[in-house]
Amino acid sequence: MERGTTDDLFEQVYDELRRLAGHLRRPRDVAHPTSLVHEAFLRMQGADTPWDQLHFRRVAAKAMRCVLVDRARRRASAKRGGGWQQVTLDGLGLQAVDVSDLADALDRLRAADDLAFQVVELRFFGGMSGDETASALDVSPRTIDRVWRRAKAFLTAALSE
């Protein structure tokens, strides 16, 4: 598997990450998808070790999830006036959910089923296909399909409460 530096891999997957960021933003977010991608990239800067594209995309997915959650929590803090922040989750069949609620639901999913959490992180936040996710997690594509369905059901139930 080809390895590259953070900068090289960022250039290779930039357009895909930017497309994903456009889908992950809050509906009325003033920030451009580019800012989400760049902030996630800045969080990844400290680890300039050679990594393959799959590992890079895993780390990028986690960084983008963290950026979204951190932004929502900053906006919702009492010091900044509070407010409900929404995100559209088309890939999960959910519309307009609170980002803080999503973060809490993901934390509960991680505690209940770490594999399901990793699949959501890679498929939804990282934009990986089922086969790419299977390769990244070293499991079969059938397992990924089964876990993806289970994770979507869990999150739908958790976010419908």
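Up top you'll find the structure we're talking about.
Residues numbered from 1 in each chain as written. Predicted model: local features only at pLDDT ≥ 70, side-chain atom pairs only at ≥ 80, totals over all residues. Heavy atoms only, no water.

Let's shift gears to the overall build of the chain. Helix and strand counts for the chain stand at seven helices and four strands. Put simply, the chain runs from its N terminus to its C terminus through helices and strands in the order β-α-α-β-α-β-β-α-α-α-α. Per-residue burial for the chain yields a buried fraction of 47% across its 161 residues. Taking the intrachain contacts of the chain between residues at least 6 apart in sequence as the baseline, contacts between residues at least 24 apart amount to 66%. Taken as a whole, the chain presents about 8300 Å² of accessible surface, with 49% of it coming from carbon and sulfur. (Helix = DSSP H or I, 4+ residues; strand = E, 2+ residues; numbered from the N terminus. Buried < 20%, exposed > 50% of the residue type's maximum accessible area, 1.4 Å probe, protein only. Contact = heavy atoms within 4.5 Å. Areas by Shrake-Rupley, 256 points an atom, 1.4 Å probe, with all protein chains shown as cover.)

Further remarks concern the nonpolar core. In a soluble, globular protein the nonpolar side chains are often hidden away together inside. Core analysis: the largest hydrophobic core is formed by 42 residues, its most contacted members being F56, M64, L106, L109, V120 and F125. When residues of this core are traced back to their parent elements, those giving at least two are α1 (6-24), α2 (33-44), α3 (53-76), α4 (99-112), α5 (114-125), α6 (130-137) and α7 (141-160). For this core, the element with the highest residue contribution is α3, accounting for eight residues. (Core = buried A, V, L, I, M, F, W, Y, C linked by side-chain atoms within 4.5 Å.)

Right, let's get into unusual backbone geometry. If a residue is not glycine, its phi is most likely negative; likewise, a peptide bond is most likely trans. The phi dihedral of D138 falls on the positive side, at around 60°, and the residue is not glycine. Residue position: D138 is located in the loop between α6 and α7.

Side-chain pairing between opposite charges can occur once the charged atoms of the two side chains come close. A full pass over the atoms with the stated rule returns three salt bridges. The partner of R65 in a salt bridge is E121, and the shortest N-O contact between them spans 2.8 Å. With R65 in helix α3 and E121 in helix α5, the pair connects residues that are 56 residues apart, well separated along the chain. Classification of R65 by relative accessible area gives buried; the value is 9%. (Salt bridge = Lys/Arg side-chain N within 4 Å of Asp/Glu carboxyl O.)

What follows is about the packing of α4 against α7. The geometry of a pair of packed helices is captured by two quantities: the angle between their axes and the separation between those axes. Look at α4 against α7: their axes get within 10 Å of each other, and the N-to-C directions meet at 135°. Taken together, the axes of α4 and α7 are oblique relative to one another. In this structure, the crossing between α4 and α7 has a hand that is right-handed. For the pair formed by α4 and α7, the contact residues are D101, L102, A105, L106, R108, L109 and A112 on the first element and A151, F154, L155, A158 and L159 on the second. Residues belonging to the contact of α4 with α7 are distributed by class as follows: 10 nonpolar, no polar and two charged. (Axes fitted to C-alpha atoms, helices over the stretch in contact; angles between N-to-C directions. Parallel < 35°, antiparallel > 145°, perpendicular 65-115°, else oblique. Left-handed = near helix turned anticlockwise from the far one by under 90°. Nonpolar A, V, L, I, M, F, W, Y, C, P; charged D, E, K, R; others polar.)

The subject of this paragraph is the environment of R73. Locating R73 in the fold gives a position in helix α3. By relative accessible area, which is 41% here, R73 ends up partly exposed. Sequence-wise, R73 and S100 are 27 residues apart; in three dimensions their C-alpha atoms are separated by 6.6 Å.

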